[in-house]
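Next come the chains, spelled out residue by residue.
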Amino acid sequence: MNAAMNALGPDWLAHRYDPTHDAVHLRRVDRATRARVPFLTDEELGGPGEPQVIRRADLAALRTAAVPAQFIFHSAYCCSTLLANAYDRPGQAFSLKEPVILNDLVGWRHRGAPPERLGPMLGEAVELLARPFERGERCIIKPSNVVNGFAPALLAMQPEARALLLYAPLEVYLGSIAKKGLWGRRWVRDLLSKQLREQLVLPGFSAEDYFLQTDLQVAAVGWLAQHALYHRLAAKFPERVRSLDSEVLLERPHEALAALDQLFGVACSDEDRGRVIATVFSRNAKNPQGERYSAADRKAAQVEAVGQYEDEIAKVLEWARAVAENAGVPMSGPLPLLG
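Residues numbered from 1 in each chain as written. Predicted model: local features only at pLDDT ≥ 70, side-chain atom pairs only at ≥ 80, totals over all residues. Heavy atoms only, no water.

A. Seen up close, the overall build of the protein chain. Counting its regular elements, the protein chain contains 17 helices and eight strands. Taken over the C-alpha trace, the protein chain has a radius of gyration of 20 Å; the compact-globule value for 339 residues is 20 Å, and the two agree within 12%. Looking at the protein chain as a whole, 53% of its 339 residues qualify as buried. Put simply, 80% of the contacts in the protein chain that link residues at least 6 apart link residues at least 24 apart. Here the protein chain displays about 15,200 Å² of accessible surface, and carbon together with sulfur accounts for 52% of that area. Taking the average location of the 40 positive side-chain charges in the protein chain and that of its 41 negative ones, the two points are 3 Å from each other. (Helix = DSSP H or I, 4+ residues; strand = E, 2+ residues; numbered from the N terminus. Rg over C-alpha atoms; globule rule 2.2 N^0.38 Å. Buried < 20%, exposed > 50% of the residue type's maximum accessible area, 1.4 Å probe, protein only. Contact = heavy atoms within 4.5 Å. Areas by Shrake-Rupley, 256 points an atom, 1.4 Å probe, with all protein chains shown as cover. Lys, Arg positive; Asp, Glu negative; His and termini not counted. Charge placed at Lys NZ, Arg CZ, Asp CG, Glu CD.)

Shown next as structure tokens:
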């Protein structure tokens, strides 16, 4: 078994977890593919592939190669994929964009996973993910935002972990949801249902209240719930987390990336960082090999989305500010990465 384990190099991604058989599905995904796809899902990877299914107890040898993981937690539609793409730097860092194994563990928790099994498996999943391609590389994991409820545990179990708390301003976020149409409006309701299971939502709303809220009100409630979580994380781990507004990232990419490199412990020169920004920030993050796409293009799309739904967004913003004030949740992020 050890010889077989040694053959499973870092190209083999810890992709799925099967709690019934206590087994991990590893799937071969090379570095170029990880950089190309926006998310590490079967849909983006071209189907289920041909995984190696290995009992969890037999994977200890692989976990010994792990490096400390760093995290980009995000509230969605906030340039998180763009930022993760900026950490595909051979010899310096590698990134993982929404690995599905962490979503599997969220689903398992929602189905009643025993805490004494779930906690250790969460730590082991991160160790399996955090196997570098080259010596000295730092691991940057950008989980799906449905994994945010695990953020306190992930930071508590890994003392060397640092985290960026990335978000879009609420107006921008609401515009992005509205622009997605029916799919976006359904997505925020699905997210809220998961936040309710994890008791992440703000107090004061009944089940009937959520039923009566509009789609964009539901989106705002979910956004505020994640902001409240961010502030709790900052209070618990003040030396290890920083927040960043997506619009500040786009306006000041050099400063933001320099500060984030320092937070994550990634050694990079200003010259190399400039090349990363020139390459990554000039493309659509969801299609990095495709058309050029600038911060100005994104801003124009935001203005169009907000303008189309201006009245609805304005009313929901006013309502959300009142909810935030009553709940004591600041609308800005805690411990900003940039002053």
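Text resumes after the structure shown.
B. Highlighting the packing of helix H10 (residues 182–197) against helix H12 (residues 215–236). Running from N to C, H10 and H12 point in directions that differ by 45°, and their axes come no closer than 9 Å. The orientation of H10 relative to H12 falls into the category oblique. Along this stretch, H10 crosses H12, giving a crossing that reads as left-handed. Contacts between H10 and H12 involve Arg185, Val188, Arg189, Leu191, Leu192 and Gln195 on the former and, on the latter, Asp215, Leu216, Val218, Ala219, Val221, Gly222, Ala225 and Gln226. Residue composition of the contact of H10 with H12, by class: eight nonpolar, three polar and three charged. (Axes fitted to C-alpha atoms, helices over the stretch in contact; angles between N-to-C directions. Parallel < 35°, antiparallel > 145°, perpendicular 65-115°, else oblique. Left-handed = near helix turned anticlockwise from the far one by under 90°. Nonpolar A, V, L, I, M, F, W, Y, C, P; charged D, E, K, R; others polar.)

C. Layout of the packing of helix H14 (residues 253–264) against helix H15 (residues 270–280). Packing of H14 against H15 leaves a shortest axis separation of 10 Å and a crossing angle of 120°. Between H14 and H15, the crossing angle belongs to the class labelled oblique. For the pair H14 and H15, the crossing hand works out as right-handed. Only Arg273, Gly274, Val276 and Ile277 of H15 make contact with H14, whose side of the interface consists of Pro253, His254, Leu257, Ala258 and Asp261.

D. Region of the structure containing the sheet that holds strand E7 (residues 163–167). As summarised here, the arrangement of the five strands in space is E5-E6-E4-E7-E8, forming an open sheet in which the pairing is parallel. Edge strands, defined here as strands with exactly one partner in the open sheet, are strand E5 (93–97) and strand E8 (241–245). Taken over all neighbouring pairs, the strand axes of this sheet differ in orientation by 20° on average, direction set aside. Looking at chain direction, strand E4 (residues 69–74) and strand E6 (residues 138–142) are connected through three bridges and run parallel. From the neighbouring strand, Ala69 faces E6, where its bridge partner is Cys139. Those strands touched by H12 are E4, E7 and E8, and its axis lies near 155° from that of E7. Strand contacts of H14: E4, E6, E7 and E8, with the helix running at about 145° to E7, the strand carrying the most contacts. (Pairing = 2+ DSSP bridges.)

E. Up close: the sheet that holds strand E1 (residues 12–18). Spatial ordering of the open sheet is given by E1-E2-E3, a layout of three strands whose pairing is antiparallel. The strands lining the two open edges of the sheet, one partner per strand, are E1 and strand E3 (52–55). Going across the sheet, the axis of each strand differs from the next one's by a mean of 30°, ignoring polarity. Running over the sheet, helix H6 (residues 100–110) touches E1 and strand E2 (23–28) and is turned about 15° from E1. Where helix H7 (residues 115–129) meets the sheet, its contacts fall on E1 and E2, and the angle it forms with E1 comes to roughly 165°.

F. Seen up close, the pattern of salt bridges. Counted by the stated rule, this structure contains 22 salt bridges. In this structure, Arg56 engages Glu124 in a salt bridge whose closest nitrogen and oxygen atoms are separated by 2.8 Å. Highlighted residues: Arg56 in the loop between E3 and helix H4 (60–63) and Glu124 in helix H7, separated in sequence by 68 residues. You'll find Arg56 and Glu124 in the same group, each marked buried. One salt-bridge network, in which partners are shared between bridges, spans Asp22, Arg56, Arg63, Glu124 and Glu127. (Salt bridge = Lys/Arg side-chain N within 4 Å of Asp/Glu carboxyl O.)

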